[in-house]
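Chain and residue survey
In case you want the letters, here they are:
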Amino acid sequence: MYSAPVADISHTLNHIAGLSTEIGEGRFGDLSEDLVEAVLEEAGRFATEEIAPLREAGAQAWRDTGRRRSDHATRLERPVPAVDRGRVGTRCRGPEAFGGQDLPQMMAVAALEMWNSGAMAFGIGPTLTMGAVEAIEKHGSDELKATYLEKLVSGEWMGTMNLTEPQAGSDLNALKAKAEPVGDGSYRIYGQKIFITYGEHDLTDNIVHLVLARLPDAPPGTRGLSLFLVPKILPDDEGKPAARNDVFCHSMEHKLGIHASPTCTMIFGDGKFGDKAGAVGFLIGEENRGLACMFTMMNNARLAVGMQGVAVAEAAYQKALAYAQERRQGRAADHDGEGMAPIVLHADVKRNLLTMKALTQSARAIAYSCAHALDMVRADAERSAFWQQRADLLTPLAKAFSTDVGVEVASIGLQVHGGMGYIEETGAAALLRDARIAPIYEGTNGIQAIDLVMRKLPMEGGDHIGAFIGELKSDIEAVRGSNLPGIGATAERLDEAVFALERATGFIMTALADGRTESALAGATPYLRLISLAAGGCFVARGAVASTQPERIALSRFMAENLVAETSALSETVIGGAESLAEAAAAPVGLTNLTRGYP
């Protein structure tokens, strides 16, 4: 059973991401270290005792009772007390004016990690609602804020994100949903959206859909998208749900994982509900500027999805460790007792478990550091531009590397279980299935790598990535000067990793400057893993220096001497792999030949 790692989370927040420093400088008002610990302890208790039991119970309920009913509603039965108390997950980040605590983003992502470790299918609900709150708070009218924010912050209502359509996956240029102005300030929305998480359910009194659609005179492409708030049930003058809107769930997907979260095909404006066809919607922000508004929600969601990767990795590590301590097989040199040894004593299992823990901690450090940068955009007015660039740089790492780690660690966890991992009763396979969606949704990890290379590295002419690498070198020097017992060759291995990162970064920047875009893009995915391993290794080492605890020193050394060496090979792939990729794809047995004759 999952147990929230409050000590590791607190350590990462305070000593790697920098929360304790900012609290000491008074950047977060009355927030104190004692309050932080109290919030983390309660969030951990709730995740451990009340959310974690929902993981299998919710999945089983979905298999047994999830269905489309005659009134086009989807039913998802869960233990009501746990769901009701789970609504507090949206309060910590919400604005105080609407019932929230307005805590730093770092606290919110810490809560999200624990929610999602407990049950990822549950945790994604508060994730989307938090994103909706931020989009409405930043771009919505005062009337929309007054009507919807308090209910969303309290968790009485839940939010969704409606982007994807059947003909448009990640390409938002191809969206066709329509919006027609009525003349009274509202709009009528028509169209179909797919893959809508929590698009329909019975868990809250209302569902607030944020929908991208086109006005009749909108320009083509993404420049013609507007964002609309479309409630499932239209509120009355007192803000209470009153009239059913013309939006419904047409069908639900049968998915590989996260079974207990409904993923819906939504129909807007089919005439099944309301006094006339067309779902009533309200403009958020300006007409034809919807993508900028939606990016507020999407950027929040990308970091939150990264936390899902960390969360599943943590849950998989705990499950694998518990199994390895109980399962007995063969003999081991460290085993003093009679009979077979616990498999945790075997060298290969030790390596697997330490790899799981090190990758999880490095991904957690990157994601929390991204949250720190977002907090500092608001808290440090003099350097807000710098911190926005830092958040922009770290967001693709937090999303892509962390979710790749979630899949990798969950797969290793299944391996530790051996044949039993392939059996449903252990739950190891379920974690791997849950993890697999995270590299796909909220912008595939390939898109994150493209964004990193094409948009984030060139910021400030490359000065920002240069400054970031300089900070990593400072971490290495801190390790070198620490004289920590047992630190081994950590500084030397991290030095090599950062050197590999510098070489690869220089190659990509030169390729972009020379107009060799394809050469840069060919190395985008290996470059993202390279920078993440180098940064993650340095961050874990930063935490070891700050704590001087033997277990954190040992983990930092293990990562530096066992996992970070991959950076040298990744650098060679970035620099030298483009030509071989192009030639192999064009070869007689390559992609060009295989796809010849297809549109």
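Note that the structure is predicted; figures quoted are calculated from it, not measured.

With respect to the overall build of the chain
Counting its secondary structure elements, the chain contains 20 helices and ten strands. Taken along its principal axes, the extent of the C-alpha atoms in the chain is 75 × 60 × 60 Å. For the chain, restricting intrachain contacts to residue pairs at least 6 apart in sequence, the fraction spanning at least 24 positions comes to 74%. Total accessible area computed for the chain in this model is approximately 24500 Å², and 52% of it derives from carbon and sulfur atoms. Here the chain contributes 56 positively and 76 negatively charged side chains, and the mean placements of these two sets differ by 5 Å.

Describing the packing of aromatic side chains
Evaluated as defined, the whole model comprises five aromatic pairs. Centroid distance Phe46 to Trp115: 5.2 Å. Interplanar angle 75°. Geometry classified as edge-to-face. Separated by 69 residues along the polypeptide, Phe46 in helix H3 (residues 33-51) and Trp115 in helix H6 (residues 105-118) bring together distant segments of the chain. The class of Phe46 is buried, set by a relative accessible area of 3%. Across the ring face of Phe386, the terminal group of Arg383 is positioned such that the distance to the ring centre comes to 4.3 Å.

Digging into helix H7 (residues 120-139)
Across its 20 residues, H7 extends 29 Å between first and last C-alpha, which sits within 8% of the 28 Å expected from 1.5 Å per residue. H7 sits mainly inside the fold: 17 of its 20 residues count as buried.

Section: unusual backbone geometry
Most peptide bonds take the trans configuration, and most residues that are not glycine carry a negative phi. The phi angle at Asp102 is positive, at roughly 50°, despite the residue not being glycine. Assignment of secondary structure puts Asp102 in the loop between helix H5 (80-86) and H6. Among the residues examined, Asp102 registers a relative accessible area of 31% and is labelled partly exposed. Here Asn288, not a glycine, exhibits a phi torsion of approximately 65°, which is positive. Tracing the chain through its elements places Asn288 in the loop between strand S10 (279-284) and helix H9 (290-326).

A short note on helix H18 (residues 550-563)
A rise of 1.5 Å per residue sets the reference length of H18, with its 14 residues, at 20 Å; its end C-alpha atoms lie 19 Å apart and thus fit the reference within 8%. Restricting attention to buried positions, one finds in H18 the residues Arg552, Ile553, Leu555, Ser556, Phe558, Met559, Ala560 and Leu563. Its buried side turned inward, H18 meets helix H1 (6-17), helix H10 (347-379), helix H15 (490-513), helix H17 (524-547) and helix H19 (566-586).

Some words on the environment of Thr222
In this fold, Thr222 is placed in the loop between strand S4 (206-214) and strand S5 (225-231). Note: C-alpha distance between Thr222 and Arg529 (307 residues apart in sequence) is 29 Å. In contact with Thr222, other than residues within four places in its own chain, are Leu172, Asn173 and Leu291.

Quick look at the side chain of Ser154
Among the structural elements, Ser154 can be located in helix H8 (residues 142-154). Residue Ser154 is classed as buried on the basis of its relative accessible area of 9%. For Ser154, the side chain forms a polar contact with the side chain of Glu156, separated by 2.9 Å.

Let's talk about the pattern of salt bridges
Scanning all chains against the criterion turns up 29 salt bridges. Arg378 is the salt-bridge partner of Asp102, the closest N and O atoms lying 3.4 Å from each other. You can see Asp102 sitting in the loop between H5 and H6 and its partner Arg378 sitting in helix H10, a full 276 residues away along the chain. A relative accessible area of 53% places Arg378 in the exposed class. Linking Glu200 and Arg244 is a salt bridge whose minimum nitrogen-to-oxygen distance equals 3.8 Å. In this pair, Glu200 is assigned in the loop between strand S3 (187-197) and S4 and Arg244 in strand S7 (residues 241-244), connecting sequence segments 44 residues apart. Note on Glu200: relative accessible area 1%, which makes it buried. Taken together, the shared-partner salt bridges in this structure form one network comprising Glu22, Glu25, Arg27 and Asp380.

Let's talk about the packing of H17 against H18
Packed helices, taken two at a time, are described by the angle their axes make and the gap between the axes. Orientation of H17 relative to H18, taken along the N-to-C sense of each, is 155°, at an axis distance of 8 Å. When the axes of H17 and H18 are compared, the pair comes out roughly antiparallel. The crossing of H17 and H18 is left-handed. In this structure, H17 uses Leu533, Gly536, Gly537, Val540, Ala541, Ala544 and Ser547 to contact H18, whose residues at the interface are Arg552, Ile553, Ser556, Met559 and Leu563. Of the residues in the contact of H17 with H18, the class split is seven nonpolar, four polar and one charged.

Here's the deal with the nonpolar core
In this structure, Met114, Leu210 and Tyr527 are the most contacted members of the largest nonpolar core, which totals 159 residues. Core analysis: the next-biggest nonpolar cluster, separate from the first, contains 18 residues, Ala213, Phe228, Ala279 and Leu283 among them.

Describing the environment of Gln448
Examined against the element boundaries, Gln448 turns out to sit in helix H13 (residues 445-456). C-alpha separation for the pair Gln448 and Gly44, spaced 404 residues apart in sequence, amounts to 30 Å. Beyond its immediate stretch of four places on either side in the chain, Gln448 contacts Arg302, Pro396, Lys399, Ala400, Glu442, Gly443 and Leu528.

As for the environment of Asp236
In this structure, Asp236 sits in the loop between strand S6 (233-235) and S7. Relative accessible area serves as the criterion here: at 33%, Asp236 is assigned to the partly exposed category. Looking at Asp236, its side chain comes within polar contact range of the main-chain nitrogen of Glu238, at 2.9 Å.

Considering the confidence of the model for the chain
Of all residues in the chain, 92% have pLDDT values of 70 or greater, and the mean over the chain is 90. The secondary structure element of the chain with the lowest average pLDDT is H5, at 42, and the one with the highest is H15, at 98. Within the model, pLDDT remains below 50 along residues 65-88, and this stretch shows 64 contacts once partners closer than five positions in the same chain are excluded.

Definitions and limits used
Residues numbered from 1 in each chain as written. Predicted model: local features only at pLDDT ≥ 70, side-chain atom pairs only at ≥ 80, totals over all residues. Heavy atoms only, no water. Helix = DSSP H or I, 4+ residues; strand = E, 2+ residues; numbered from the N terminus. Contact = heavy atoms within 4.5 Å. Areas by Shrake-Rupley, 256 points an atom, 1.4 Å probe, with all protein chains shown as cover. Lys, Arg positive; Asp, Glu negative; His and termini not counted. Charge placed at Lys NZ, Arg CZ, Asp CG, Glu CD. Phe/Tyr/Trp six-rings, centres within 6.5 Å; stacked < 30°, edge-to-face > 60°. Buried < 20%, exposed > 50% of the residue type's maximum accessible area, 1.4 Å probe, protein only. Lys NZ or Arg CZ within 6 Å of the ring centre and 35° of its normal. Expected span 1.5 Å × (residues − 1). Polar contact = N/O pair within 3.5 Å; in protein donor to acceptor, adjacent residues only side chain to side chain. Salt bridge = Lys/Arg side-chain N within 4 Å of Asp/Glu carboxyl O. Axes fitted to C-alpha atoms, helices over the stretch in contact; angles between N-to-C directions. Parallel < 35°, antiparallel > 145°, perpendicular 65-115°, else oblique. Left-handed = near helix turned anticlockwise from the far one by under 90°. Nonpolar A, V, L, I, M, F, W, Y, C, P; charged D, E, K, R; others polar. Core = buried A, V, L, I, M, F, W, Y, C linked by side-chain atoms within 4.5 Å. pLDDT = per-residue confidence, 0-100.

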